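Spelled out, the chains give:
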Amino acid sequence: MHMNILNILIDRQSVQLRTNLRSGWRALVFVTILGSPWLLSQLLAPANRSPSPAPPLPSPAFDVGLVMILSYLPPLAWVLFVSWGCLKRMEGEPLGTLGLGLFVGWKREIIRGLGTGAAMTGIVVLLQLIARGSQLGLNPYWFKAAVDPEALRHSVTETFLTVALFTVAALFEELLYRGYAFQTLLRGVHPVVPIVILSTLFGLGHWGNPNRTVFSTANTVLAGVWLSVAYLRSRNLWYPTALHLSWNVTLGPIFGLPVSGRLLPAHPLLLTSSGSPVWLTGGSYGSEGGAAATVVLLGAIVVTSLMKGRSSQST
C-alpha cells in the first residue's frame, strides 16, 4: 500500500528533474501557490462578515485608461514569479524555458502570430458580411459627413491604450493557461490531457463575462485548443500570445466588435454590427459567440496541427 501511494506521487525515472514528483503534482503545486493570495484573503476574512452582494456586471462598453492597464501588472508579475520559482526548484530550468526567451527567430514568431490572428478575425467578419448578419462602416463618432479631427484623435488614443491593455492581458492569460502548468503536464502525460484541462479552464474563465452563453463558452474552449496547439507546434509562447493579441485587437479596436462580451474601446475605428442570425454573429457577445468564429477556429486548429513543428532555444 505504501509503495502504491509513492508510485502515485513519485516518478522514479524523472532523473533529469530536481524533484521526483509526477507532473500532475508539480502542476498542482504551481496552481496552489498561484492561488494562495486569494485563498489567504478568504481565510483571514472575518467569519461573521455578511456576504457582500454580487458585483454588477461591467458595462459592455467603456473607456480604457492607464489604471485599467496597470491593474494587470501585479497578477502578471505574480504568475511570472511563481512560474520562475517552480521551474527553478522543481524542473531545474530557467524562466526562458517557458517559451519567452530571446531565441533566434522570436521576432519572426511574433510577426507570424500577429498576421495570422488578424487574418483569422478578418475571415470571421467576412463570413458574417457574406451572410448579411453584419454591416461594416466607419465609426460615425469620428466620421459623419467629414472627419472630426478631435474625435479621430480620441479614437486613435483609445486604440493605442486598448492595444497596451490587450498585450498585458494576452501575456497573462498565455502564461496562466499555456505556461508552467500546461507545459509541465506535457512532460508526464499525453498532450490531449493538458489541452483539454487547460482549454476548459480557459473557457470557464470567461463565464462571468457580459452576455456570455454556452455557445460562446464552447468557442472560448476551442480558442484555448487552438492556442494550445499553436504552442505545441512552435514550442514558444511568443506565437500563441501574438495570435491571442491580434485576434482581440482586430475584433475590438479595428472592427468595433465586442471582445468576449465587452466593447473595448468605447470608440473603435470601425463599427461592425452583430445582427441576425445571432447564432452566426454572436449578437451582443460579439463574434466569439457565433458560428462564424466556430468554423474559423476549427479550421485554424486543423491547419495549425498540420504545421511543421519548431523548436526554440533561449539565449
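About the thresholds
- Residues numbered from 1 in each chain as written.
- Predicted model: local features only at pLDDT ≥ 70, side-chain atom pairs only at ≥ 80, totals over all residues.
- Heavy atoms only, no water.
- Helix = DSSP H or I, 4+ residues; strand = E, 2+ residues; numbered from the N terminus.
- Buried < 20%, exposed > 50% of the residue type's maximum accessible area, 1.4 Å probe, protein only.
- Contact = heavy atoms within 4.5 Å.
- Areas by Shrake-Rupley, 256 points an atom, 1.4 Å probe, with all protein chains shown as cover.
- Salt bridge = Lys/Arg side-chain N within 4 Å of Asp/Glu carboxyl O.
- Expected span 1.5 Å × (residues − 1).
- Phe/Tyr/Trp six-rings, centres within 6.5 Å; stacked < 30°, edge-to-face > 60°.

Asker: Which parts of the structure should I look at to understand the overall build of the chain?
Answerer: Each helix and strand counted, the chain has twelve helices and two strands in total. Reading the chain from its N end, one meets helices and strands in the order α-α-α-α-α-β-α-α-α-α-α-β-α-α. When the 315 residues of the chain are sorted by exposure, 43% land in the buried category. Taking the contacts inside the chain whose residues are at least 6 apart along the sequence as the reference set, 75% of them involve residues at least 24 apart. For the chain, the exposed area adds up to about 16200 Å²; of that, 69% sits on carbon and sulfur atoms.

Asker: Sorry if this is basic, but what is going on with the pattern of salt bridges here?
Answerer: Oppositely charged side chains can pair when the atoms bearing their charge come close. In total, this model carries five salt bridges according to the counting rule given. Between Glu-109 and Arg-112 there is a salt bridge whose closest N-O contact spans 3.0 Å. Taken as a pair, Glu-109 and Arg-112 lie in helix 5 (residues 106-130) at a separation of three residues, close to a single helical turn. With relative accessibility at 3%, the residue Glu-109 sits in the buried group. Notably, a salt bridge pairs Arg-178 with Glu-174, separated by 2.7 Å at the nearest N-O pair. Of this pair, Arg-178 and Glu-174 both sit in helix 6 (residues 149-178), four residues apart, which is roughly one turn of that helix. On the basis of relative accessibility, which here comes to 0%, the residue Arg-178 falls in the buried class. Since its relative accessible area comes to 0%, Glu-174 is described here as buried. One salt-bridge network, in which partners are shared between bridges, spans Arg-26, Glu-91 and Arg-187.

Asker: Looking at this structure, how should I read helix 12 (residues 291-305)?
Answerer: The periodicity of an α-helix, 3.6 residues per turn, causes residues three or four positions apart to be oriented the same way. For helix 12, with 15 residues, the first-to-last C-alpha span of 21 Å sits near the 21 Å given by 1.5 Å per residue. Within the span of helix 12, buried status applies to Ala-291, Ala-292, Ala-293, Thr-294, Val-296, Leu-297, Ala-300, Ile-301 and Thr-304. Contact partners of the buried residues in helix 12: helix 5, helix 9 (214-234), helix 10 (238-254) and helix 11 (278-281).

Asker: Got a minute to help me understand the packing of aromatic side chains in this structure?
Answerer: Each aromatic ring pair is summarised here by two numbers: the centre-to-centre distance and the angle between the ring planes. By the definition in use, this model includes eight aromatic pairs. Both rings, one in Phe-30 and one in Tyr-180, keep their centres 5.2 Å apart while their planes meet at 45 degrees; by these two values the pair is tilted. Placement of Phe-30 in helix 2 (residues 23-44) and of Tyr-180 in helix 7 (residues 180-186) is noted, with a sequence separation of 150 residues between them. A residue is classified by how much of its surface remains accessible, and Phe-30, at 1% relative accessible area, is buried. Residues Trp-78 and Phe-81 carry aromatic rings whose centres are separated by 5.9 Å and whose planes lie at 25 degrees to one another, so their mutual orientation is stacked.

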